[in-house]
Structure formats: C-alpha cells, structure tokens
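Listed below, chain by chain, are the residues.
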Amino acid sequence: MSDNKRLERELPALLFTPDVWIERMNEDGHKKGKRKLVEALQWDAGRKALGLGLNVVLENGFWSRQQRWTYRGQAAAVGAQTKLHFLDVSPEELKRRLHHRNSNLPADACYVNPDLIDLWLKEFEPPSPEELAWAQD
C-alpha cells in the first residue's frame, strides 16, 4: 500500500491523485497542460473539503518551494492546517520502485519511464529545514 493510501485510511482523508484522474480520462499525463488542469480541479474540491473540516491529501509532487508555500497559504485561508510528508528516497530506489510499478501497472496508473528520473530530480527543490519544521507541527 502506498504512503498516500495509508494516510487516506489512517486520517481518514480524501485523497487526490492526479495520475488516477488523468488515466480515467484516457489522457496522457505528460500532455501539455493536462496535469495542471487536473491538479487545479482537485485543489478546488480539496479546498471545499478543507472548509468543511475534512482531511485532504494531495499527491501533486509539490516540486517547488513556492508551490508548497502557495498551497499552504491557500489552505490556511480556509482555516485548515497543513502537514508536509516528505520521503527522501535515493534516485536508485526511485528507479527500482518505478520498474516494479511499471511491471505491475495498476489499472488507474500510466506508465512512467524510469530513465526520466534523473532529469526530473534536477527540477525538484527538496524541502528546506524551515518547511520540514512546520511539517512536524
């Protein structure tokens, strides 16, 4: 069971996973703008759920510090607290997990080329100590 699925059950929470929606729409998750559109729709629903006092888990990746701070501020605007869950996994382990995932691809997931991991990691901004500190609150 994925960490996000575990959070969904333990909290309990409403889990938003862009890949699931994109796959169900029979779309390519890498198609220009498709992911941003799905993430925006999920966040619209997520904000409403937070405003109702429900827990929400967003599986967006949150690759940039700016994106993480923006979402945190928007959640606070509806009275919600946020918590960042960061799994610091080596590139080798990410590729191993991705190979395993691709060989047992769930029906609601798209194939992801493990060779792209190194390229993507160059764009990722790991959470700062400040971000990790508020994640423990």
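Structure shown above.
Here, residues in each chain are numbered from 1, in the same order as that chain's written sequence. The predicted nature of this model means local features are confined to residues of pLDDT at least 70 and side-chain atom pairs, given and counted, to a pLDDT of 80 or more, with totals for whole chains, interfaces and linings taken over all residues. Each side-chain value is derived from all of the structure's non-hydrogen atoms; neither hydrogens nor water enter the calculation.

Segments assigned H or I by DSSP are reported as helices when at least four residues long, segments assigned E as strands when at least two residues long, and all are numbered from the N terminus. Looking only at helices and strands, the protein has seven helices and two strands in total. Going residue by residue from the N terminus, the α and β elements of the protein occur as α-β-α-α-β-α-α-α-α. The size measure is the radius of gyration over C-alpha atoms, and the globule rule it meets is 2.2 Å times the number of residues to the 0.38 power. Relative to the globule expectation of 14 Å for 137 residues, the C-alpha radius of gyration of the protein, 15 Å, shows essentially globular dimensions. For the protein, the spread of C-alpha atoms along the three principal axes comes to 40 × 35 × 30 Å. Buried, partly exposed and exposed residues are distinguished by accessible area as a fraction of the type maximum, computed with a 1.4 Å probe on protein chains only: under 20%, between the cut-offs, and over 50%, respectively. In the protein, buried positions account for 30% of the 137 residues.

Looking now at the nonpolar core. Core analysis: the largest hydrophobic core is formed by 10 residues, namely Phe16, Trp43, Ala49, Leu50, Val56, Leu58, Phe62, Tyr71, Ala75 and Ala80. Secondary-structure elements contributing two or more residues to this core are α3 (34–51), β2 (56–58) and α4 (65–77). No other element matches the three residues that α3 contributes to this core. As used in this record, nonpolar core signifies buried Ala, Val, Leu, Ile, Met, Phe, Trp, Tyr and Cys residues forming a set joined through side-chain atoms within 4.5 Å.

We now examine the packing of aromatic side chains. Aromatic pairing here means that ring centres of Phe, Tyr or Trp (its six-membered ring) are within 6.5 Å. Orientation follows from the plane angle: under 30 degrees is stacked, over 60 is edge-to-face, and everything else is tilted. Across all of its chains, the model carries five aromatic pairs by this definition. Centroid distance Phe62 to Tyr71: 5.0 Å. Interplanar angle 85°. Geometry classified as edge-to-face. For the pair shown, Phe62 and Tyr71 are each scored as buried. A centroid spacing of 6.3 Å and a plane angle of 65° characterise the contact between Trp63 and Trp120, whose relative ring orientation is edge-to-face. You can see Trp63 sitting in the loop between β2 and α4 and its partner Trp120 sitting in helix α6 (residues 117–123), a full 57 residues away along the chain. What makes Trp63 partly exposed here is its relative accessible area of 32%. An aromatic cluster is built from Trp43, Phe62 and Tyr71, whose rings are joined through pairwise contacts.

Moving on, we get to unusual backbone geometry. With an omega of -25°, the peptide bond running from Leu11 to Pro12 counts as cis. Looking at the secondary structure, you find Pro12 in the loop between α1 (3–10) and β1 (14–16). Located in the positive-phi region is Phe62, a residue other than glycine, with phi close to 45°. With respect to the helices, strands and loops of the structure, Phe62 is situated in the loop between β2 and α4. With a relative accessible area of 14%, Phe62 lands in the buried category.

A few words now on the packing of α3 against α4. Between α3 and α4, the shortest axis-to-axis distance is 10 Å and the interhelical angle comes to 35°. Here Glu39, Trp43, Arg47 and Leu50 of α3 come into contact with α4, specifically with Gln67, Tyr71, Gln74 and Ala75. Each residue is assigned to one of three groups, with Ala, Val, Leu, Ile, Met, Phe, Trp, Tyr, Cys and Pro labelled nonpolar, Asp, Glu, Lys and Arg labelled charged, and all others, Gly among them, labelled polar. Residues of the contact of α3 with α4, tallied by class, amount to four nonpolar, two polar and two charged. To get an axis, fit a line to the C-alpha atoms, keeping to the stretch in contact for a helix; angles then go from 0 to 180 degrees between the N-to-C directions. Two residues qualify as a contact provided that any one of their heavy atoms is within 4.5 Å of a heavy atom in the partner residue.

Our focus in this paragraph is a nonpolar patch on the surface. Exposure above 30% relative accessible area and the lack of any salt bridge qualify a residue for a patch; like charges then connect within 9 Å, and the nonpolar side chains Val, Leu, Ile, Met, Phe, Trp and Tyr within 5 Å. Using the Shrake-Rupley algorithm and a 1.4 Å probe, accessible areas are obtained, with residue cover drawn only from the displayed protein chains. Salt bridges are identified by distance alone: a Lys or Arg side-chain nitrogen within 4 Å of an Asp or Glu carboxyl oxygen. Side chains of Trp21, Leu37 and Leu41 sit close together on the surface and give an oily, nonpolar patch of about 280 Å² of accessible area. If you trace the backbone, Leu41 turns up in helix α3. With relative accessibility at 43%, the residue Leu41 sits in the partly exposed group.

Just geometry here; none of it tells us what the structure is for.
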